[in-house]
Amino acid sequence: MEMKNENESLSESESGSLSKNENLSESESESGSLSKNESEAENESVSENKNERHDKSVQQILHDFHWQHPSVLVAEQSNEGFKAYCDGCGELLSAPCFTCIHYNNHRHKQCAEAPLEIPNHPLHPQHSDAESSTPILFALETREGNYISYICLTCNFIVHKDCIQLPRIIKFSRHDHCIFHKYFLEDLTRQNCKICFNKVNLDHGSYSCRKPGCNYVVHVNCVLEDDDLYKVIEDEKQWEELYEKSIQSSIISVIEVNEAGEATKIEHFSHQHCLVLTDKIDEEIDRKCDGCMLSISTLFYYCSECPFFLHKTCAELPSIKFHWFRHAEATLIFEDYLLCFLCRQHFSGFVYQLREWFICIRCAKVADTIECEGHQHFLFYDFKCREKCNGCGNDCWHGAFRCGKCRFALDFRCLTLPHSALHKIDEHMLNLTYDDDKEQCYCNICEQERDPNFWYYSCSICNTSAHPKCVLGEFPFLKDGMKWPYVDHPHHHDLKFFRNVESYSKCSDCSKLCPEEVIKCEKPTCNYITHYHCP
């Protein structure tokens, strides 16, 4: 069919013909011609490509899916109250766009310029027969899904226009390996998305891990929702080399090993002396790991020249880590006093520096999907969760671990509480407890009422129970003897932090007793002592 203007038409040699797929309808497959006004003909030229005939001067287009009339490019939307929807993608129309006033047909410029044929697309599965070794996707217009879609006539493979641009390989911050876009995942045994925990339809596209034994699979929309959480990978080999480098231990050198191949004497970047491996623990003293500030209970390294201890697992931490909270390289450092971005606790010891954030080692060890003793279902981290924490009742300020089956939520602060702790109110270890069947409860330390719905520490032998803050104190993860960082205090000497004091001294500022968590002058001859909040 040949399109003609009422007054004139351009010849075939001037206008060219619009290529068609032979599977389209007969009326669409015939070429048309683009008409021009005589006054503009000298300064305008008609460009022809595989998808459309496009007059760049007048900025008109005769599209295969609307060939009855040319559409004119509208650079700006003059009428703010005018609302129309793109016939290519179904979204609200915005300039620049092509519009046909005769049939009220509108398309975004990007939708109008979408290719009509795509050969050898990386997301398309290759055909087994030799004749179809170069699969071609043909554009078709539909009123379902994203309006414009692409179809392979050989295998009936259909993909939305927006999905054509999906990256083939990405590195998602919440998984250690690269994940690949793939269709028809018959080899996977797990069919739940690792982000939303809803079922993944294995007949449709999704992202999955190719590592043997790794059944990691996620929905396309889930994994690509936040640009900060993934990175498009062009060279898979380059990323794998970087990953292998990132899991290297932070141990500087191994001096001695035992018959089992364990490093029994090492040099570590966090300490100036050599460290020796042992499993002998002095039960009378509550030894703290200088890396995570939790009690020593398993294999650990110690310094024979000064009081310094590291869990074996803390000593073997990787010096570089790609933390799942953000897609960025985090570096292991050792500090005396910092604030953790995730749990909002002040701490000493190991920290992963992630851009401008600092993440304590307790939070850094937490995976994005966990099992929690205080709940019967799996919990996964939801960046959008704004529920109240079931451990303490406080608001979850920047996301939380959430249950996919109920409204249970848990923030980092409660999740990283020590499972057991010592306090002078009881001779036994107090264990973290998650619920209480009593209607009215009291804390044995502050003697105030305690909510039985929230977590607490208890001793089943002595029937002791207490608030976590009363047991652990205000700064449970600060090291004794560290230099107090704040200098705006009235005392003229440097001050140091101590969790416990040997005798009940009076605060030099408020004159009240200082039983625990105090700031003392580092000079042995000076008796200045104060509560941490008094200066």
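Residues numbered from 1 in each chain as written. Predicted model: local features only at pLDDT ≥ 70, side-chain atom pairs only at ≥ 80, totals over all residues. Heavy atoms only, no water.

Looking at an unreviewed UniProt entry, one finds the protein named DC1 domain-containing protein, with Gossypium hirsutum as its source organism.

*Asks:* Looking at this model, I keep getting lost on the sheet that holds strand β23 (residues 346–354). Mind explaining?
*Replies:* Paired through backbone hydrogen bonds, the strands of a sheet run either parallel or antiparallel to each other. Read across the open sheet, the four strands follow the order β21-β22-β23-β24; overall the sheet is antiparallel. Both edges of this open sheet fall to β21 (320–322) and β24 (357–360), since each of them pairs with a single strand only. Taken over all neighbouring pairs, the strand axes of this sheet differ in orientation by 50° on average, direction set aside. As judged from the three bridges shared by β21 and strand β22 (residues 329–339), these two strands associate in the antiparallel manner. If you follow K321 over to β22, its bridge partner there is A330. (Pairing = 2+ DSSP bridges. Helix = DSSP H or I, 4+ residues; strand = E, 2+ residues; numbered from the N terminus. Axes fitted to C-alpha atoms, helices over the stretch in contact; angles between N-to-C directions.)

*Asks:* Please explain the pattern of salt bridges as it appears in this structure.
*Replies:* Close approach of charged atoms allows side chains of opposite charge to pair. A full pass over the atoms with the stated rule returns 10 salt bridges. Salt-bridge contacts for E387 lead to R407; the nearest nitrogen and oxygen are separated by 2.8 Å. A residue pair is termed long-range when its members are at least 10 positions apart, and E387 in the loop between β26 (378–382) and β27 (400–403) and R407 in the loop between β27 and β28 (409–410) qualify at 20 residues. The exposure class of R407 is exposed, given its relative accessible area of 64%. (Salt bridge = Lys/Arg side-chain N within 4 Å of Asp/Glu carboxyl O. Buried < 20%, exposed > 50% of the residue type's maximum accessible area, 1.4 Å probe, protein only.)

*Asks:* Where do I start with the sheet that holds strand β34 (residues 464–466) in this structure?
*Replies:* Spatial strand order, β29-β30-β33-β34: four strands in an open sheet with antiparallel pairing. Single-partner strands in this sheet number two, and they are β29 (420–423) and β34. Between one strand axis and the next, the sheet turns through 30° on average, direction left out of account. As defined by bridge partners, β29 adjoins strand β30 (residues 426–433) across three bridges and the pair is classed as antiparallel. Bridge pairing in β30 places S420 opposite N431.

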